[in-house]
Amino acid sequence: MPSTVSTYPPRFATAEAVARIAAASRRTQQPQSKGDLVSLAMGEPDFDTPQQVTEAADASLRAGRTHYSPLLGEPELREALAEKLHGIAGAPVSAADVLITQGGTAGLAASILSIVDPGDKVVIPDPTYSLYADLVSMAGGIVVPVPLAPDLHWDRERLADALDGAKLFVFCNPGNPTGIVHSRAELDALADLLDGTSTIVISDEAYSDLDYTGRPFTSAISLDGLRDRTVYCQTFSKSYAMTGWRVGYLWGPAPLIQAAARIHNTFNGSVNTFIQDAALVAVRTCDADIARMRAAYEERGAIMRAGLAEIPGLTLSASEGAFYQFPRYDLDLPAVEVVAALRTHGVAVRPGSEFGARGEGHLRLSYAASPESISEGVRRLAYGLSVLQ
């Protein structure tokens, strides 16, 4: 009797959101250093998490703190973060408006997906962190990239035109991949552009502790003209060298945080209890650790810039914050091809085009690596680029 079971593979239909992300996404996976490959591609501190944080997690586990946490986060951690945010904002901050998230990534996802409807206009700088556009595409929004000025800061005239009728503006400060830091004057100008509008702002300040400009860092939430329309997105990953712990937080206007919590609670749930206990120790005790790592990054940035400055055909970016250099090269080749060629010479970097169309012709290099890796990686980069000339 003939079999009634089909031998053909089934055709499963997936959500249109998947196709939208695939069509829009520029994100690529880059390797860590291993074997004979030096990676300057990873935006990850090479420092270990401060010992007292790790010990706090261990103590929490041993104390049986292994059960579900409240969906918004542990009250004690939220109170500590509210106190910290009060100092940043210069205005009262309620712990009720703090949401603990599964890393900064989940915070960005929860905030963007809770704001953007299909067809909504969302403005982002170009180039910028590529996750923003992916999330907007997932929600069905329309991404409006705004080219940066030659100094990699905002082009105010272009930004003003783009923001007309925008539902949302998303930016990071300090910038990834550019390494620039937006000044108080720039943020004041943004506030002026948005005055009288209903445009919401998401300020991703993951690198706020890594500012080398010599002036006080200005958070968007410290400005009266932005605070009431801004969702502040933060992570423990960069400042505390806690990338693998996956813990971050949001703060902003109560209705926006409530909406983000609804999204986060739906597909993330609560953050691990013992990790929140460790995060609380980080908030309370790690100021000296942050200062130590920040000083090391500044020194490593100087090592990288000195090496890159010796390479013909590279135009360096200003190194104002985060731990990135974003040099322009003079080869007539797409960035993905340059990156692929450099891999054959034992060094991994990111193509600038991963961060937007205006990133083409650039490379993103991270100096979160060790000084030895930076020196060797830049040496290999110089050789690889000379071969391509």
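See the structure shown above.
Residues numbered from 1 in each chain as written. Predicted model: local features only at pLDDT ≥ 70, side-chain atom pairs only at ≥ 80, totals over all residues. Heavy atoms only, no water.

Participant: Got a sec to walk through the overall build of the protein chain? Specific residues and values, please.
Facilitator: Within the protein chain, the regular secondary structure consists of 13 helices and 14 strands. Over its C-alpha atoms the protein chain spans a radius of gyration of 22 Å, differing by no more than 12% from the 21 Å that the globule rule assigns to 389 residues. Taken along the three principal axes of its C-alpha coordinates, the protein chain extends 80 × 55 × 55 Å. Taking contacts inside the protein chain between residues at least 6 apart in sequence as the whole, the part at least 24 apart equals 75%. Looking at the protein chain, you have 32 positive and 45 negative side-chain charges, and the mean spots of the two groups are 4 Å apart. (Helix = DSSP H or I, 4+ residues; strand = E, 2+ residues; numbered from the N terminus. Rg over C-alpha atoms; globule rule 2.2 N^0.38 Å. Contact = heavy atoms within 4.5 Å. Lys, Arg positive; Asp, Glu negative; His and termini not counted. Charge placed at Lys NZ, Arg CZ, Asp CG, Glu CD.)

Participant: So what's going on with the nonpolar core? Which residues, and what values?
Facilitator: Counting 35 residues, the largest nonpolar core has Leu40, Tyr297, Leu363 and Leu381 as its most contacted members. Contributing elements (two or more residues each) for this core: helix H11 (287-308), helix H12 (335-343), strand E14 (363-366) and helix H13 (371-388). Ranked by residues supplied to this core, first place goes to H11 with five residues. With near-sequence residues (within four places) excluded, Leu381 lies in contact with Leu308, Ile311, Leu314, Leu342, Val347, Leu363 and Leu365. Ile100, Phe236, Ala282 and Val283 belong to the second-largest nonpolar core, a separate cluster that totals 30 residues. (Core = buried A, V, L, I, M, F, W, Y, C linked by side-chain atoms within 4.5 Å. Buried < 20%, exposed > 50% of the residue type's maximum accessible area, 1.4 Å probe, protein only.)

Participant: Please give an account of the sheet that holds strand E5 (residues 168-172) that cites residues and values.
Facilitator: If you walk across this open sheet you meet the seven strands as E2-E8-E7-E6-E5-E3-E4, and the pairing is mixed. Each edge of the open sheet is held by one strand with a lone partner, namely strand E2 (98-101) and strand E4 (142-147). Ignoring strand direction, the axes of neighbouring strands in this sheet form an average angle of 20°. Relative to E5, strand E3 (residues 121-126) is paired through two bridges, and the arrangement is parallel. Across the sheet, residue Val122 finds its bridge partner in E5, namely Leu168. Where helix H5 (residues 131-139) meets the sheet, it contacts E3, E4, E5 and strand E6 (200-204), and its direction lies at approximately 155° from that of E4. Along the sheet, helix H9 (residues 254-267) contacts E2, E6, strand E7 (230-235) and strand E8 (248-251); its crossing angle with E2, the most-contacted strand, is approximately 25°. (Pairing = 2+ DSSP bridges. Axes fitted to C-alpha atoms, helices over the stretch in contact; angles between N-to-C directions.)

Participant: Tell me about the pairing of E7, and name the residues and values.
Facilitator: The buried fraction of E7 amounts to six of the six residues, a majority that puts the element mostly inside the structure. Burial along E7 is two-sided: the face carrying Thr230, Tyr232 and Gln234 and the face carrying Val231, Cys233 and Thr235 are both buried. The pairing of E6 with E7 spans four bridges and is parallel. Its bridge partner lying in E7, Ser203 is registered against Tyr232. Of the strand pairs in this sheet, E7 and E8 are connected by four bridges, and their pairing is antiparallel. Within E8, the position partnered with Thr235 by the bridge is Gly248.

Participant: An account of the environment of Gly377 is needed here, citing residue identities and associated values.
Facilitator: Mapped onto the fold, Gly377 is located in helix H13. The exposure class of Gly377 is buried, given its relative accessible area of 0%. Between the C-alpha atoms of Gly377 and Gly140, which are 237 residues apart in sequence, the distance is 40 Å. Beyond its immediate chain neighbours, meaning those up to four positions away, Gly377 contacts Val38, Leu40 and Val347.

Participant: Could you give an account of the sheet that holds strand E13 (residues 350-351), naming the residues involved and the relevant values?
Facilitator: Ordered by their spatial adjacency, three strands build an open sheet running E10-E14-E13, and the pairing between neighbours is antiparallel. Looking along the sheet, the strands with just one partner apiece sit at the ends: strand E10 (324-325) and E13. Pairing of E10 with E14, which is carried by two bridges, proceeds in the antiparallel orientation. Looking at E14, one finds that Tyr324 is bridged to Ser366.

Participant: Describe the environment of Asp151, and please don't skip the residues or the numbers.
Facilitator: The residue Asp151 is located in the loop between E4 and helix H6 (156-163) in this model. With 56 residues separating them in the primary sequence, Asp151 and Ala95 have C-alpha atoms 38 Å apart. At 3.0 Å, the side chain of Asp151 forms a polar contact with the backbone nitrogen of His153. (Polar contact = N/O pair within 3.5 Å; in protein donor to acceptor, adjacent residues only side chain to side chain.)

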